[in-house]
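One letter stands for each residue in the lines below.
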Amino acid sequence: MNRFRFSEKLINQRKEVKMKNEDNVLVGLWFLTHDSEGNKEFQGQILSKLENNIYLVYLYDWLLGQASTMRLFPLDRLLNADFYSTVEDLKEDIRYHQS
């Protein structure tokens, strides 16, 4: 499983796949956010970066596991998120923490 936090490690990993624009290092990644008590909050995929550190994300339903809603997330809402390269890694981490 490949889980990581927003950090230099994330930026370096995305450069390895030769991202054309370094401003978009989060685009395409899957994420899991947590509330202030550490509970799971949102799961989804980052679709694009807009101006002023705003990201368009696709949120996924917890029960069905399917795409449900597009939202705008500011970068600061993603700073403490866990990031995943693939949806399989995201699902594996969620299953692991449920057991």
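Residues numbered from 1 in each chain as written. Predicted model: local features only at pLDDT ≥ 70, side-chain atom pairs only at ≥ 80, totals over all residues. Heavy atoms only, no water.

**Things to note about the overall build of the protein chain**
Note the following rule: Strands are runs of DSSP state E lasting at least 2 residues, helices are runs of H or I lasting at least 4, and numbering of each runs from the N terminus. For every residue, the accessible area obtained with a 1.4 Å probe (protein chains only) is divided by the maximum for its type, and the residue is called buried under 20%, exposed over 50%, and partly exposed between those limits. Every residue pair with non-hydrogen atoms within 4.5 Å of one another is taken to be in contact.
What the protein chain contains, in helices and strands, is 3 helices and 6 strands. When its helices and strands are written in sequence order, the protein chain yields β-α-β-β-β-β-α-β-α. When the 99 residues of the protein chain are sorted by exposure, 30% land in the buried category. A separation of at least 24 residues holds for 43% of the contacts in the protein chain among residues at least 6 apart in sequence.

**Examining the pairing of strand β2 (residues 30-34)**
The test is simple: Paired strands, in this sense, are two strands between which DSSP finds at least two bridges.
Counting buried positions along β2 yields 4 of 5 residues, so the element is predominantly enclosed. Pairing analysis gives 4 bridges linking β2 to strand β3 (residues 40-49), with the strands arranged antiparallel. Residue Trp-30 lies in a different strand from β3, and its bridge partner there is Gln-45. Connecting β2 to the next strand, β3, in antiparallel fashion are 5 residues, including Gly-38 with a positive phi near 90°. Sheet topology places β2 next to strand β6 (residues 82-84); 3 bridges connect them, and they run antiparallel. Across the sheet, Phe-31 pairs through a bridge with Phe-83, a residue of β6.

**Re the packing of aromatic side chains**
Rules: Within 6.5 Å between ring centres, the rings of Phe, Tyr and Trp (the latter by its six-membered ring) count as paired, and their orientation is classed by plane angle as stacked under 30 degrees, edge-to-face over 60, tilted in between.
Scanning the model with the defined rule gives 4 aromatic pairs in all. Aromatic side chains Phe-31 and Phe-73 sit 5.9 Å apart centroid to centroid with 55° between the ring planes, which places their arrangement in the tilted category. Remark: Phe-73 occurs in strand β5 (residues 67-74) and Phe-31 occurs in strand β2; sequence separation between them is 42 residues. Taken as a pair, Phe-31 and Phe-73 share a single burial class, namely buried. Ring centres 5.5 Å apart and planes at 75° place the aromatic pair Phe-42 and Phe-73 in the edge-to-face group. One end of the pair, Phe-42, is in strand β3; the other, Phe-73, is in strand β5, and 31 residues separate them in sequence.

**Section: the confidence of the model for the protein chain**
Let me state the cut-off plainly: pLDDT: the predictor's confidence for each residue, scored from 0 to 100.
Chain-level statistics for the protein chain give a pLDDT mean of 78 and a share of 74% at 70 or above. Within the protein chain, strand β4 (residues 54-60) carries the highest mean pLDDT (93), whereas helix α1 (residues 8-16) carries the lowest (50). In the model, residues 14-22 has pLDDT below 50 throughout and makes 7 contacts with residues more than four positions away in sequence or in other chains.

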